[in-house]
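The primary structure of each chain is shown beneath.
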Amino acid sequence: MSEGVTLVLGGLGIKGEASIGTLQSLRQHKVKIKKIVATGISSLVGAQFALGRDLDLVTDRLVRFFAEHERYLWGLEELGGLLWSRRRRAAGSFSYFLRERLFCRANLKRLNILPWDLVEGDLEESFGSIAACQLKVPLAVSAIDLTRGKETLLEEEELVERLKAGIAFPGLFPPVRIGEKELVSSSLYCELPLGSLTEADRPIVVIDIPSALSAQRPRSLIEVIAHVDELRGAAIKQKFLSKADRVFCLEVVKGFWWGSYRQTPQLVSRAREEMDKLLGLVS
Amino acid sequence: MRIGLSLGGGGARGFAHIGVIKALREAGVPIDLVNGSSAGAVVGGAYALYADIERTIAKAEEVVHTVDVSYFNMFRYSMESRPFLRNWLVSAICDLSALRSSILSHKNNLRALEMLFGQYEFSDTQVPFSSVAVDLLTGETVIIKEGKLIDGVLASTSIPGIFPPVERDGRLLVDGCVLADVPARELRQEGAEFVIAIRLGAEVETSYRNGFDLLNYVDGLKGRELTQWELDQADFQITIDIPDFDSSRFDNYEIAIAQGYKVTKYALPDLERKLGDSNV
């Protein structure tokens, strides 16, 4: 344990922000981390942590980002244009939301709901000038390489490109091209990026930010397909968890949904409290 | 030692299972129990019922020539090659998707399964047989081994989105391939001590044109990962690749049967060695 642990961070959609609270708690408890493996928004948070930045400021920045861009994110929280019953379904399932948004005559030609322009400026500002050697903890971002059809860990690539691949949720943002690779986020493949980890990464500590499976009975075609997608994701997560040496499950954030960006501060503080409690139990 | 045969799904590729069973029986490999998902459940159920591969082939041919069970998976067809059909399907599905749970009904499937299984029950099969489906409400795989064969197999063949889920005993059942493409683990639960798993090789569709394709691509990768998990539970696995074969059209069944037979014949020496090592 002297080298530290490989920390695995996941969480679907906005729920990745819970990693802020988690990392604050780990920092306070002086847990030694040899490598961070993350995907989705957790990869952004992980990068900020790896640079030694103040995570309270990261929370403020995210809150500000979502407030500034709210009008572009109309689909993420307001779910405008959807019937009430579908809105409830979309709130519960990221997969359903993406399919519902992309599944209509006009949109079936679209590759993505949001453009990269929305986030590129902020990413450049935060990470554009950062060289890999400036990271105090190595950061591996998990993504799906569409050209090979495999989950892959990005460890050497330029940080901004790595992070873009981490948040390129299929259907939400366009895929990211890095050299020969065409990449999307692995979040929808598995909430926890454990697939590519090996024995050399042990001890592996996983922070599970669970999603509640949609409790509603699937009725329409898209609901059925999205539900199947979720079931498969849950099964894969269950399989991959056997690789972990230690799992900290943040059950208290289960109730937050994937798109609740207005609840960022609450999500972060609940995650931190829970992580403090779990680490307290361990020590 | 009880030898079990676990048959995977794959639409019309499922006919390859007939060739597999034929080759195994010719070589004298005993089959003490069978299970399957989707097309594997159809062929497995038919073989388990008749325990006679020639009769199974005759029945399959009769069904194919009587009922049109072909289906189109619209997302697999390119805009260039089938513009009219694809656009028509897309429009029709968009209009109906809010109301319907699937593109097609079970009408033709039920006719085909009725011809194959009649009113026979799982308890009537000469070889113990179970079909595997997935319950959408609990996310569990469900082993079906009681009741009418037609009901159990229908649930196992309900491809999500293409066919409606089947309600049974408070469950909402869909194709076993969702979580267990080749249900080797489930066959072990049924008492198989040596599991031969037959996987119908089908590559994940890697081209995409829109966000919906991308989501399906990632979903396909999940299916592949879960299949590998199941295959790891088998003692011996055979993968039947049938190049350029369309899984949604059932009229080329002879090609699939021949390929299944050929690949299994090729794999037999290894299988016999493995069985010998296991003192079978």
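Residues numbered from 1 in each chain as written. Chains lettered and ligands numbered in written order. Predicted model: local features only at pLDDT ≥ 70, side-chain atom pairs only at ≥ 80, totals over all residues. Heavy atoms only, no water.

### With respect to the nonpolar core
Counting residues in hydrophobic clusters, the biggest one holds 76 residues, and the most contacted among them are Phe94(A), Phe127(A) and Leu172(A). One finds Leu49(B), Val127(B), Ile240(B) and Leu275(B) within the second-largest nonpolar core, a separate group that totals 62 residues. (Core = buried A, V, L, I, M, F, W, Y, C linked by side-chain atoms within 4.5 Å. Buried < 20%, exposed > 50% of the residue type's maximum accessible area, 1.4 Å probe, protein only.)

### Quick notes on helix α2 (residues 41-50) of chain A
Residue and element names in this part refer to chain A. The element α2 is largely enclosed, with a buried count of 10 among its 10 residues. All buried positions along α2 are accounted for by Ile41, Ser42, Ser43, Leu44, Val45, Gly46, Ala47, Gln48, Phe49 and Ala50. Gly52 sits one or two residues past α2 and shows a positive phi near 75°. (Helix = DSSP H or I, 4+ residues; strand = E, 2+ residues; numbered from the N terminus.)

### Thoughts on helix α8 (residues 211-231) of chain B
All names here are of chain B. Relative to the 30 Å expected for 21 residues at 1.5 Å per residue, α8 spans 30 Å between its end C-alpha atoms, a close match to the ideal helical length. Extensive coverage of α8 is indicated by the burial of 15 of its 21 residues. Capping of α8 at its N-terminal end is provided by Asn210; its side-chain oxygen lies 3.1 Å from the backbone amide nitrogen of Phe212. (Expected span 1.5 Å × (residues − 1). Polar contact = N/O pair within 3.5 Å; in protein donor to acceptor, adjacent residues only side chain to side chain.)

### Points about the packing of α2(A) against helix α6 (residues 117-127) of chain A
All names here are of chain A. α6 packs onto α2 with a crossing angle of 20° between their chain directions and a minimal axis gap of 12 Å. The orientation of α2 relative to α6 falls into the category roughly parallel. Relative to α6, the crossing made by α2 is left-handed. For the pair α2 and α6, the contacting residues are Leu44, Ala47 and Gln48 in the first and Leu123, Ser126 and Phe127 in the second. Residues belonging to the contact of α2 with α6 are distributed by class as follows: 4 nonpolar, 2 polar and no charged. (Axes fitted to C-alpha atoms, helices over the stretch in contact; angles between N-to-C directions. Parallel < 35°, antiparallel > 145°, perpendicular 65-115°, else oblique. Left-handed = near helix turned anticlockwise from the far one by under 90°. Contact = heavy atoms within 4.5 Å. Nonpolar A, V, L, I, M, F, W, Y, C, P; charged D, E, K, R; others polar.)

### Observations regarding the pattern of salt bridges
All names here are of chain A. As enumerated under the stated definition, the model contains 28 salt bridges over all chains in all. Lys277 is paired through a salt bridge with Glu274; the nearest N and O atoms lie 3.5 Å apart. With Lys277 and Glu274 both in helix α9 (residues 264-282), this residue pair falls 3 residues apart, about one helical turn. Classification of Lys277 as exposed rests on a relative accessible area of 52%. Residue classification places Glu274 among the buried positions, given a relative accessible area of 10%. Here the residues in one salt-bridge network are Lys35, Glu155 and Asp201, joined through shared partners. (Salt bridge = Lys/Arg side-chain N within 4 Å of Asp/Glu carboxyl O.)

### Here we look at the state of the cysteines
All names here are of chain A. Inspection of every chain in the model, using the stated rule, returns 0 disulfides over all chains. Here Cys190 stays unpaired: no disulfide links it, and the sulfur of Cys249, its closest cysteine neighbor, is 13 Å away. The buried category is assigned to Cys190, whose relative accessible area is 1%. (Disulfide = S-S within 2.5 Å.)

The values are spatial; any link to function lies outside them.
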